[in-house]
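Here's the letter readout for the chains.
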Amino acid sequence: MDDVTDTVFRRVISKTAKPDLFFTEFANADGLQSAGREAVLQKLTFTEVEKPLIAQLWGMKPDNYTKTTAELVEMRFSGVDLNMGCPVRNVVKLGACSALINNHELAESLIKATQKGADDKIPVSVKTRVGFDKVDMGWIEFLLRQNLAALTIHGRTAKGQSKVPNDWELIGKIRRMRDDIAPGTMIIGNGDVMSRKQGEELAQEHGLDGIMIGRGVFQDPYVFSGDSPWKRMNTKEKIGLYKRHIKLFEQEWGHKKNPAGLKKFAKVYISGFDGASELRSRLMRCTDTVEMLGILGKA
Ligand SMILES: Cc1cc2nc3c(=O)[nH]c(=O)nc-3n(C[C@H](O)[C@H](O)[C@H](O)COP(=O)(O)O)c2cc1C
């Protein structure tokens, strides 16, 4: 998740309960092959404990996907995933991400360019939605014909964003299509999964190869555990986890990233105990990590 699942947060989650597979934030391949390279590289920073780790790319220029993917192989990523599902207005306006649902020609060029860069050394996958403004099985069939290692389906249209329920029946139907068209492509279901157990039940019910969890990690940093201790953890333990996150941030990013970005994690760790809301309000007024750690140290 963009601006959330950087190397620091992935390292925290590696220690709480690690998923079988991590994905990076989406990184712009065109940006990486331009003067803006340094900023994009932050999204591709990782340590060994985060592996297996898939790099996710977005962008518009096939050549940049080839060059970037060859670099990802050198950087020892476990795979490359193409974002064809993000509905955010700024990227759709460019014709990128979920806009590709209506542009098969460019989508195919980007996939082929990535496969060329991967050179069979790492798997190439796509993450998408079930359509742009309506369910579009032609898009899904098109993707199933691209020789992908995996296809992650968020069971909503781009227009539906997250306001309508996630359609697991449709994801099951896509899995059955896969059986006929592309038996070698794994189908990963995504949308509103809040626990590993719930994910495993959905995978079983619809015959899926995997489940992706996004926002569930905001409610429970142990979401990938079969038996999360989060609700049983005391205030000190929760605060301790946040302090660990902040210290790792200081070590990794120093002044390279704005510490204000750490405040969005207050809701994750500082919740479910007496005084949590007051503590969060005090943290929101902090201007740096020293101040945040000072407040948490006294809480
Ligand atoms: C803050 C935020 C950032 C996201 N960034 C990405 C991203 O970079 N790449 C991506 O494929 N999906 C991204 N998503 C979408 C999620 O990966 C996921 O598909 C969606 O939230 C539905 O699944 P969930 O209910 O498990 O979160 C993002 C979602 C949120 C809320």
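In short, a report on the structure. (Residues numbered from 1 in each chain as written. Predicted model: local features only at pLDDT ≥ 70, side-chain atom pairs only at ≥ 80, totals over all residues. Heavy atoms only, no water.)

**Let's talk about the packing of helix α7 (residues 137–144) against helix α8 (residues 168–181)**
At a minimum axis separation of 10 Å, α7 and α8 run at an interaxial angle of 40 degrees. What the angle tells us is that α7 and α8 run oblique. The handedness of the crossing between α7 and α8 comes out as right-handed. Facing Met137, Ile140, Glu141 and Leu144 of α7, the residues of α8 in contact are Leu170, Lys173, Ile174, Met177, Arg178 and Ile181. (Axes fitted to C-alpha atoms, helices over the stretch in contact; angles between N-to-C directions. Helix = DSSP H or I, 4+ residues; strand = E, 2+ residues; numbered from the N terminus. Parallel < 35°, antiparallel > 145°, perpendicular 65-115°, else oblique. Left-handed = near helix turned anticlockwise from the far one by under 90°. Contact = heavy atoms within 4.5 Å.)

**Focus on the pattern of salt bridges**
According to the stated counting rule, one finds 20 salt bridges in the structure shown. When the shortest N-O distance is used, the salt bridge between Asp179 and Arg178 registers 2.9 Å. Asp179 gets classed as partly exposed once you look at its relative accessible area, which sits at 36%. Arg178 sits in the buried class, given a relative accessible area of 8%. Between Arg178 and Asp209 there is a salt bridge, and its shortest N-O distance comes to 2.7 Å. (Salt bridge = Lys/Arg side-chain N within 4 Å of Asp/Glu carboxyl O. Buried < 20%, exposed > 50% of the residue type's maximum accessible area, 1.4 Å probe, protein only.)

**Concerning the pairing of strand β2 (residues 53–58)**
For β2, the buried fraction is high: 6 of the 6 residues fall into the buried class. Alternating positions in β2 separate into two faces, Leu53, Ala55 and Leu57 on one and Ile54, Gln56 and Trp58 on the other, with burial throughout. Pairing between strand β1 (residues 22–28) and β2: 5 bridges, direction parallel. Paired with Ala27 across the two strands is Leu57, which belongs to β2. Two strands pair when backbone bridges link them, and β2 and strand β3 (residues 79–84) are joined in this way by 4 bridges, in the parallel orientation. Counterpart to Gln56 in the pairing with β3 is Asp81. This β-α-β element, β2 to helix α4 (residues 62–74) to β3, shows right-handed connectivity. (Pairing = 2+ DSSP bridges. Right-handed = clockwise from strand over helix to strand, strands pointing away.)

**Describing the packing of aromatic side chains**
Applying the stated rule across the entire model yields 6 aromatic pairs. Seen in terms of ring centroids, Phe46 and Phe77 are 4.7 Å apart; in terms of plane orientation they differ by 55 degrees. Their pairing is tilted. One end of the pair, Phe46, is in the loop between α3 (37–43) and β2; the other, Phe77, is in the loop between α4 and β3, with 31 residues separating them in the sequence. The same class applies to Phe46 as to Phe77, namely buried. With a centroid separation of 5.1 Å and 25 degrees between ring planes, the pair formed by Tyr242 and Tyr269 is classed as stacked. Pair noted here: Tyr242 is in helix α11 (residues 235–253) and Tyr269 is in helix α12 (residues 266–269), with a separation of 27 residues, a long-range link. Considered together, Tyr242 and Tyr269 belong to a single accessibility category, that of buried residues. The ring of Trp230 has Lys238 sitting right over it, with the charged end atom 4.8 Å from the ring centre. (Phe/Tyr/Trp six-rings, centres within 6.5 Å; stacked < 30°, edge-to-face > 60°. Lys NZ or Arg CZ within 6 Å of the ring centre and 35° of its normal.)

**Concerning the site of the ligand**
Gln56, Lys127, Asn190, Asp192 and Arg215 are the nearest of the 13 residues found near the ligand. Contacts to the ligand include Lys127, whose side-chain N or O atom sits 2.8 Å from an oxygen atom. Within the contact set of the ligand, an oxygen atom lies 2.9 Å away from a backbone nitrogen or oxygen of Gly214. Expressed as a share of its isolated accessible area of 610 Å², the protein-covered part of the ligand is 79%. Residues of the shell around the ligand, tallied by class, amount to 3 nonpolar, 6 polar and 4 charged. (Near = heavy atom within 4 Å. Polar contact = N/O pair within 3.5 Å; in protein donor to acceptor, adjacent residues only side chain to side chain. Areas by Shrake-Rupley, 256 points an atom, 1.4 Å probe, with all protein chains shown as cover. Nonpolar A, V, L, I, M, F, W, Y, C, P; charged D, E, K, R; others polar.)

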